[in-house]
Amino acid sequence: MCDFIYLFIYLLVGWLVGWLILEKGSPQVERSCRVLDFNDPFSTEVKPRILLMGLRRSGKSSIQKVVFHKMSPNETLFLESTNKICREDVSNSSFVNFQIWDFPGQIDFFDPTFDYEMIFRGTGALIFVIDSQDDYMEALARLHLTVTRAYKVNPDINFEIFIHKVDGLSDDHKIETQRDIHQRANDDLADAGLEKIHLSFYLTSIYDHSIFEAFSKVVQKLIPQLPTLENLLNIFISNSGIEKAFLFDVVSKIYIATDSTPVDMQTYELCCDMIDVVIDISCIYGLKDDGTGTPYDKESMAIIKLNNTTVLYLKEVTKFLALVCFVREESFERKGLIDYNFHCFRKAIQEVFEVRMKVVRSRKHQSHLQKNKRPTPNGTPRMPL
Ligand SMILES: Nc1nc2c(ncn2[C@@H]2O[C@H](COP(=O)(O)OP(=O)(O)OP(=O)(O)O)[C@@H](O)[C@H]2O)c(=O)[nH]1
């Protein structure tokens, strides 16, 4: 009987230790909150990493859910606090390929058991979210610590500061908060002799399009082909009598490039609304009776005439990209010319895309060769595959 009790206690303690290691041990990475698209040739390449950091309840998970999962802002009220690092692969388009790592607010990522060097080394952008409706002194101290550590490991990281939840502030208060945060964060860096670190600031809220616009700018900095895409858009609009053109990732509504004329929020919002209308209508009426088919394909296009003599024109560019243009009614009379120029533009984009594919393939080939060159643990060279 006594043996049974000992055995029971032994099993119970073993189970408890195992549970503690799994649940409370070193921070874990939850892999791929979203399934990878293995048909996409870029899905297996090393993607730039975007880190979402900030204090608890600052709004990190809400941002990720609203931008990449189409969650409605009100639903974020019921989000539970994140307790693991959540990694998500975003492979929506040929150009927008990255990983987002959502960090729990309470995590001590400077814990010696936590390999922050590995995390920062592969990072393209670090988004630090500051809750503007809360006292932000603690957030600023944390920002300083995070930025200085990350910079030491990887000076190439883009530091992007989201002054978040600004929907609760008046216009004057927004500007004042941004000025104050900007000043304090840069003063802290100057005091530490690190004035060369550049911080970019954005006023954001999940209750309007500001979060999509800010994320667009963060992602654009990670697209090496951006100058080429912008150039192509400039040539396209100047030869077609178009006022403004955006190249959109239709799934996330991030614009990955636009021409060099300034972007105003209303124009951007109209484009987002148009994409929503096209996708919604296509989902309802564009699929076959048995529900097969895709709501967005080569035939996808839309024309919306506004009551201010402007026409919105959307056309499919690739499986995930759309071009949305603002055209004056009189210029839209030469639709044939616009369509011809669009055809040339699409061809040029495909060529950029092919160059990128070649680069990715040759990089993969080289890393494969290097792997095979490395000797095996017992010293003998690896057999070629
Ligand atoms: N008013 C307003 N509330 C927001 C905004 N973004 C997020 N919230 C709210 O902020 C609360 C916290 O959001 P979370 O996304 O869970 O915050 P988090 O930073 O991921 O929190 P942890 O997981 O604990 O680190 C939620 O109730 C959201 O609804 C915003 O732009 N405006």
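Coordinates for the structure precede this section.
Reading guide: rules and limits
Residues numbered from 1 in each chain as written. Predicted model: local features only at pLDDT ≥ 70, side-chain atom pairs only at ≥ 80, totals over all residues. Helix = DSSP H or I, 4+ residues; strand = E, 2+ residues; numbered from the N terminus. Buried ≥ 20, exposed ≤ 12 C-beta atoms within 10 Å, placed from the backbone. Contact = placed C-beta atoms within 7 Å. Pairing = 2+ DSSP bridges. Near = placed C-beta within 6 Å. Nonpolar A, V, L, I, M, F, W, Y, C, P; charged D, E, K, R; others polar. Expected span 1.5 Å × (residues − 1). Arc of directions from axis to C-beta. Axes fitted to C-alpha atoms, helices over the stretch in contact; angles between N-to-C directions. Core = buried A, V, L, I, M, F, W, Y, C linked by C-beta atoms within 7 Å. Parallel < 35°, antiparallel > 145°, perpendicular 65-115°, else oblique. Left-handed = near helix turned anticlockwise from the far one by under 90°.

Colleague: Looking at this model, I keep getting lost on the overall build of the protein chain. Mind explaining?
Modeller: Along the backbone of the protein chain there are 10 helices and 12 strands. In the protein chain, which comprises 385 residues, the share counted as buried stands at 30%. The contacts of the protein chain with a sequence gap of at least 6 include a subset with a gap of at least 24, amounting to 69%.

Colleague: Is there a simple way to explain the pairing of strand 4 (residues 98–102) in this structure?
Modeller: In regular strands, side chains alternate between the two faces of the sheet. As judged from the four bridges shared by strand 2 (residues 49–54) and strand 4, these two strands associate in the parallel manner. Across the sheet, the residue bridging to Leu51 is Trp101, located in strand 4.

Colleague: Before we go on, may I ask you to explain the site of the ligand in this structure?
Modeller: Within the structure, the ligand sits among 22 residues, and Gly59, Ser61, Ser62, Thr82 and Gly105 are positioned closest to it. In terms of residues, the shell around the ligand owes the most to one element, helix 2 (residues 60–69), which gives three residues. Looking at side-chain class alone, the shell around the ligand contains five nonpolar, 12 polar and five charged residues.

Colleague: It is not clear to me how the environment of Tyr296 should be interpreted in this structure. Could you clarify?
Modeller: Along the chain, Tyr296 falls in the loop between helix 8 (265–286) and strand 10 (301–305). Sequence-distant contacts of Tyr296, defined by excluding residues within four places in its chain, comprise Val250, Ile279, Ser282 and Glu316.

Colleague: Can you help me understand helix 7 (residues 226–240) in this one?
Modeller: In an α-helix, one turn spans 3.6 residues; hence positions three or four apart end up facing the same way. Between its first and last C-alpha, helix 7 extends 21 Å over 15 residues, near the 21 Å set by a 1.5 Å rise per residue. Restricting attention to buried positions, one finds in helix 7 the residues Leu229, Leu232, Leu233, Phe236, Ile237 and Ser240. Seen end-on, helix 7 carries its buried residues on one side only, within an arc spanning 125°. Facing away from the buried side of helix 7 by more than 90 degrees, the exposed set consists of Pro227 and Ser238. Where helix 7 ends, the next residue or the one after it, Gly241, has phi of about 65°, a positive value.

Colleague: Any chance you could explain the sheet that holds strand 10 here in plain terms?
Modeller: Each strand in a sheet pairs with another by means of backbone hydrogen bonds, the pair being arranged parallel or else antiparallel. With antiparallel pairing, the five strands of this open sheet are ordered in space as 9-8-12-11-10. Each edge of the sheet is formed by a strand with only one pairing partner; in this case those strands are strand 9 (254–258) and strand 10. Averaged over all adjacent pairs, the angle separating strand axes in this sheet is 20°, with direction ignored. Relative to strand 12 (residues 321–328), strand 8 (residues 242–249) runs antiparallel, the two sharing seven bridges. Bridge pairing in strand 12 places Phe246 opposite Val324.

Colleague: Whenever I open this one, unusual backbone geometry confuses me. Can you help?
Modeller: Glycine aside, the phi torsion of most residues is negative, and most peptide linkages are trans. Not every positive phi belongs to a glycine, and Lys165 is a case in point at roughly 65°. Looking at the element boundaries, Lys165 is found in the loop between strand 6 (158–164) and helix 5 (171–191). One non-glycine residue, Lys253, adopts positive backbone phi at about 65°. In this fold, Lys253 is placed in the loop between strand 8 and strand 9.

Colleague: Help me understand the nonpolar core, please; the structure alone is not making it clear to me.
Modeller: Note that soluble globular proteins tend to have their nonpolar side chains buried in a common cluster. Judged by nonpolar contacts, the single largest core of 79 residues is most densely connected at Leu52, Ile127, Ile130, Leu247, Phe248, Ala322 and Val324. Sorting elements by how many residues they give to this core places strand 12 first, with seven residues. Each residue touching Val324, except ones within four places of it in the same chain, is listed here: Phe246, Phe248, Cys271, Met274, Leu312 and Leu314.

Colleague: Is there a simple way to think about the pairing of strand 11 (residues 310–316) in this case?
Modeller: Taken across its seven residues, strand 11 has five buried, putting it largely inside the fold. Looking at chain direction, strand 10 and strand 11 are connected through five bridges and run antiparallel. Within strand 11, the residue paired with Ile303 across the bridge is Tyr313. In this structure, the hairpin formed by strand 10 and strand 11 is closed by a connection of four residues, where Thr309 is found at a positive phi of approximately 60°. Where strand 11 lies against strand 12, seven bridges are found, and the strand directions are antiparallel. Of the residues in strand 12, the one forming a bridge with Leu312 is Phe326. The antiparallel pairing of strand 11 with strand 12 creates a hairpin that spans four residues between the two strands.

Colleague: For this particular structure, what's the right way to read the packing of helix 4 (residues 137–153) against helix 5?
Modeller: Axis angle and axis distance: for two packed helices, these are the angle between their axes and the distance between the axes, and together they describe the pair. Between helix 4 and helix 5, the least distance of the axes is 10 Å, while the angle of their chain directions is 40°. In terms of orientation, helix 4 and helix 5 fall into the oblique class. Note that helix 4 runs across helix 5; the crossing there is right-handed. Contacts between helix 4 and helix 5 involve Leu140, Leu143 and His144 from the first element and Ile181, Arg184, Ala185 and Asp188 from the second. Residues belonging to the contact of helix 4 with helix 5 are distributed by class as follows: four nonpolar, one polar and two charged.

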